[in-house]
Amino acid sequence: MSAQETAQQTQTAVRCVGLYQRFGDTVAVDGLDLEVRRGEVFGLLGPNGAGKTTTIRMITTLLPAPPGAIEVFGVDVARRRTAVRRLIGYVPQQLSVDATLTGRENVGLFARLFDVPRRQRAERVAEALAAMDLTDVADRPAKNYSGGMVRRLELAQALISAPRLLVLDEPTVGLDPVARDGVWTRIEHIKATTAMTVLVTTHLMQEADHRCDRVALMHRGRIRALGTPAELRGALGPTATLDDVFRAHTGDRLDDRGDLRDVRATRRTARRVS
Ligand SMILES: Nc1ncnc2c1ncn2[C@@H]1O[C@H](COP(=O)(O)OP(=O)(O)OP(=O)(O)O)[C@@H](O)[C@H]1O
Ligand SMILES: [Mg+2]
């Protein structure tokens, strides 16, 4: 069966079984099991250093995984890397636009990368920019964009290949509430029209509560709790918030695992959009 056929049949968007990754002495992902269902917005939550980005980098084929450990729409990530890449749109935690290029050029680059047929390219790029409300600024260099506009440009890049799975690593970090809303409104609009699945990380529990169908709380490389936001809150008590759930499963000290590297990375991320 072709990867496309397999992808059309399975109801599971992402399946991770016993996922493991270490960097030197640091075990970043420690036997993680996870299932993301087709069509849902799934939030991966957890403190700095929990292993969220490492997990995402394995799912998106940027870090190696052994055969059988990850499937994306039933397609094995280790065995069919290129096929999996075609199913995924990815907005990384770190900046992915070229600041010296215009918005249109940045999206055009991704269109070439993802083999959008040459004759359709200009139109598809213009459509992606319009969907992210960037038509007016499309021919300005990205270095003049605001943080919210940069994030929407990265979304336009990720969506140019019409992915079945959109993976977003902290899409709203460093954005003001209006810009955050702008990002989410557009994600939700695309999702409603294409039945895309969304896997997202965020440190904003209110955002996760409001936007995600299901969330998983990750701590020290493993999933500690999983369910709808209402289920997780309800398990703690009638007045519990998702912040309370986060504390209950990860301990009060938000940085008990994160090292200086994490703090530096977080600051860099927050600064790059300010
Ligand atoms: N390339 C790397 N080299 C060495 N250690 C790494 C590397 N990438 C991640 N780590 C370590 O692995 C652990 C998990 O990091 P990861 O970036 O996956 O966490 P995270 O949950 O995404 O955190 P944050 O919320 O800060 O983005 C951390 O202890 C981190 O320092
Ligand atoms: Mg991260």
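Residues numbered from 1 in each chain as written. Chains lettered and ligands numbered in written order. Predicted model: local features only at pLDDT ≥ 70, side-chain atom pairs only at ≥ 80, totals over all residues. Heavy atoms only, no water.

The strands making up a sheet are joined through hydrogen bonds of the backbone, oriented either antiparallel or parallel. A sheet is described by the order of its strands in space; here six strands give the open sequence E6-E7-E8-E3-E9-E10, paired in mixed fashion. Among the strands making up the open sheet, the edge pair consists of strand E6 (88-91) and strand E10 (222-227). Taken pair by pair, the neighbouring strands of this sheet meet at an average axis angle of 15 degrees, ignoring direction. Across four bridges, the pairing between strand E3 (residues 41-45) and strand E8 (residues 197-201) is parallel. Note on E8: the bridge partner recorded for Gly43 is Val200. (Pairing = 2+ DSSP bridges. Helix = DSSP H or I, 4+ residues; strand = E, 2+ residues; numbered from the N terminus. Axes fitted to C-alpha atoms, helices over the stretch in contact; angles between N-to-C directions.)

At the metal site, the magnesium ion (ligand 2) is ligated by Thr53 (OG1) and Gln93 (OE1), and these contacts range over 1.9 to 2.2 Å. Taken together, the residues span a long stretch of sequence, with Thr53 in helix H2 (residues 52-59) and Gln93 in the loop between E6 and helix H4 (103-113) at a distance of 40 residues. We classify Thr53 as partly exposed; its relative accessible area is 24%. (Donors = N, O, S within 2.8 Å, 3.2 Å for Na, K, Ca; no water. Buried < 20%, exposed > 50% of the residue type's maximum accessible area, 1.4 Å probe, protein only.)

All right, on to the pattern of salt bridges then. One pass over the full model with this rule turns up 14 salt bridges. In this structure, Arg86 engages Asp115 in a salt bridge whose closest nitrogen and oxygen atoms are separated by 3.0 Å. Placement of Arg86 in helix H3 (residues 81-87) and of Asp115 in the loop between H4 and helix H5 (118-131) is noted, with a sequence separation of 29 residues between them. Salt-bridge contacts for Arg247 lead to Asp244; the nearest nitrogen and oxygen are separated by 3.5 Å. (Salt bridge = Lys/Arg side-chain N within 4 Å of Asp/Glu carboxyl O.)

Low pLDDT marks stretches whose predicted atomic positions should not be read closely. In this model, the protein chain carries a mean pLDDT of 90, and residues with pLDDT of at least 70 account for 92%. Of the regions scoring below 50 in pLDDT, residues 254-258 engages in 15 contacts with residues more than four places distant in sequence or in other chains. Residue range residues 270-274 is modelled with pLDDT below 50. Its contacts to residues more than four positions away, or to other chains, number 10 contacts. (pLDDT = per-residue confidence, 0-100. Contact = heavy atoms within 4.5 Å.)

In this section: the side chain of Arg186. Among the secondary structure elements, Arg186 is positioned in helix H7 (residues 177-194). Only 2.7 Å separates the side chain of Arg186 from the backbone oxygen of Gly182, close enough to count as a polar contact. Excluding residues within four positions of it along the chain, Arg186 makes contact with Ala131, Met132, Asp133 and Arg152. (Polar contact = N/O pair within 3.5 Å; in protein donor to acceptor, adjacent residues only side chain to side chain.)

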